[in-house]
Amino acid sequence: MQGGGAAAAAGGLLVPRGALILLGICNALSLDIKASSKVRAFVGEKVQLTCTFKSSSPITESLTVDWTYRPLTGGQMETIFHYQSVAYPTTVGKFKDRISWVGNVAKGDASIAIQSPVMSDNGTFICSVKNPPDVYHNIPQTVLIVTERGFSFQLTSAVLLSILVFLPSIIVVILMLVRLGRKSGVLKEKKKSGCKKSSIEVSDESEHTDTCSGRLKAWCLNCVDTDEEEPY
């Protein structure tokens, strides 16, 4: 009986100990990491992968940052960046000489940038931060989508509205300027010729440009013919 009581007592002690262990794990999970779930980029244009964190412990030289990558087609994860007081970008693989550190651990920033991204870079990136004793944390994933920019562009609603409002006005102004220019040209031609033209002649300027001079020539020829027909 005494042995049974001791076992029961021991069992009763195991529960509080298990609860303490769970409580310790929960306290250790006080490092929270946040990262964008999806990042879009264009071929050849630098792109930033943002990662921020909050730790309940002071930032020390023991803090580490690791970025890993898995292709969109699948495969094993590979480490492409490591930080501990100093940045250590990968020196092998497809990201060699293309990863740069743009973070600031003192401000809780563990971001990196990828130079000259290509479509084969598409995949999943994972930011991991450890700041002992805070070493347990959530695991946010960032999916990178790299596409060709091309010649197309997206019009914002404001730009589209501006075009719809101002384009007709611009067209009207241009037509008025053209009309004024034509009228100015007609007036100059009238001043040069010294003859008045009817509204029909003005509208069809190319056909009646030499009307006055033609009439003058015809009159002169008529005079000459008349002189030649008079008897001596």
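Look up: the structure comes first, before these words.
Residues numbered from 1 in each chain as written. Predicted model: local features only at pLDDT ≥ 70, side-chain atom pairs only at ≥ 80, totals over all residues. Heavy atoms only, no water.

Draft legend 1. Representation of the overall build of the chain. A count of helices and strands for the chain gives four helices and 11 strands. Relative to its full complement of 232 residues, the chain shows a buried share of 23%. For the chain, restricting intrachain contacts to residue pairs at least 6 apart in sequence, the fraction spanning at least 24 positions comes to 55%. Taken as a whole, the chain presents about 16300 Å² of accessible surface, with 62% of it coming from carbon and sulfur. (Helix = DSSP H or I, 4+ residues; strand = E, 2+ residues; numbered from the N terminus. Buried < 20%, exposed > 50% of the residue type's maximum accessible area, 1.4 Å probe, protein only. Contact = heavy atoms within 4.5 Å. Areas by Shrake-Rupley, 256 points an atom, 1.4 Å probe, with all protein chains shown as cover.)

Draft legend 2. Fine view of the sheet that holds strand E9 (residues 112–114). The strand order across the open sheet formed by three strands is E3-E9-E8, and the pairing between neighbours is antiparallel. Single-partner strands in this sheet number two, and they are strand E3 (47–49) and strand E8 (99–101). For this sheet, the mean inter-axis angle between neighbouring strands, taken without regard to orientation, is 30 degrees. With three bridges joining them, E3 and E9 adopt antiparallel strand pairing. Directly across from leucine 49, in E9, lies its bridge partner isoleucine 112. (Pairing = 2+ DSSP bridges. Axes fitted to C-alpha atoms, helices over the stretch in contact; angles between N-to-C directions.)

Draft legend 3. Molecular detail of the nonpolar core. Core analysis: the largest hydrophobic core is formed by 26 residues, its most contacted members being Trp67, Ile80, Phe125, Val129 and Leu144. Listing elements by their share of this core, those giving two or more residues are strand E2 (38–42), E3, strand E4 (51–54), strand E5 (64–71), strand E6 (78–84), E9, strand E10 (123–130) and strand E11 (141–147). Valine 129 has contacts with Leu31, Ile33, Phe53, Leu63, Thr64, Val65, Ala110 and His137, leaving out every residue within four places of it along the chain. (Core = buried A, V, L, I, M, F, W, Y, C linked by side-chain atoms within 4.5 Å.)

Draft legend 4. Spatial organisation of the environment of glutamate 148. Looking at the element boundaries, glutamate 148 is found in the loop between E11 and helix H2 (157–193). A relative accessible area of 53% places glutamate 148 in the exposed class. Those residues in contact with glutamate 148 that sit more than four places away from it in its chain are Phe42, Val43 and Met119.

Draft legend 5. The pairing of E2, seen in detail. Burial of the side chains of E2 is restricted to one face: Val39 and Ala41 are buried, whereas none of Lys38, Arg40 and Phe42 on the reverse face is. Alignment of E2 against E11, held across five bridges, turns out to be parallel. By the bridge assignment for E11, arginine 40 is matched with isoleucine 145.

Draft legend 6. The arrangement of the environment of aspartate 32 in detail. Structurally, aspartate 32 can be placed in strand E1 (residues 32–35). Residues aspartate 32 and proline 140 lie 108 residues apart in sequence; the distance between their C-alpha atoms is 9.7 Å. Beyond its immediate chain neighbours, meaning those up to four positions away, aspartate 32 contacts Thr52, Phe53, Lys54 and Asn138.

Draft legend 7. Spotlight on the packing of aromatic side chains. Across all of its chains, the model carries five aromatic pairs by this definition. Residues tyrosine 69 and phenylalanine 95 carry aromatic rings whose centres are separated by 4.9 Å and whose planes lie at 80 degrees to one another, so their mutual orientation is edge-to-face. Of this pair, tyrosine 69 sits in strand E5 while phenylalanine 95 sits in the loop between strand E7 (86–89) and E8, and the two are 26 residues apart along the sequence. In this pair, the class of tyrosine 69 matches that of phenylalanine 95, namely buried. On the numbers, 5.9 Å between centres and 75 degrees between planes, the contact of phenylalanine 95 with phenylalanine 125 is edge-to-face. Pair noted here: phenylalanine 95 is in the loop between E7 and E8 and phenylalanine 125 is in strand E10, with a separation of 30 residues, a long-range link. Across the pair, exposure class does not vary: phenylalanine 95 and phenylalanine 125 are buried alike. (Phe/Tyr/Trp six-rings, centres within 6.5 Å; stacked < 30°, edge-to-face > 60°.)

Draft legend 8. Molecular detail of the state of the cysteines. This structure, assessed with the given rule, holds one disulfide. The partner cysteine of cysteine 51 in its disulfide is cysteine 127, sulfur to sulfur 2.1 Å. Its S-S torsion of about -75 degrees marks the bond between cysteine 51 and cysteine 127 as left-handed, since a negative value means left-handed. Here the residue cysteine 51 occupies a position in strand E4, and cysteine 127 occupies one in strand E10, the gap between them amounting to 76 residues. Judged by its relative accessible area of 0%, cysteine 51 is buried. (Disulfide = S-S within 2.5 Å.)

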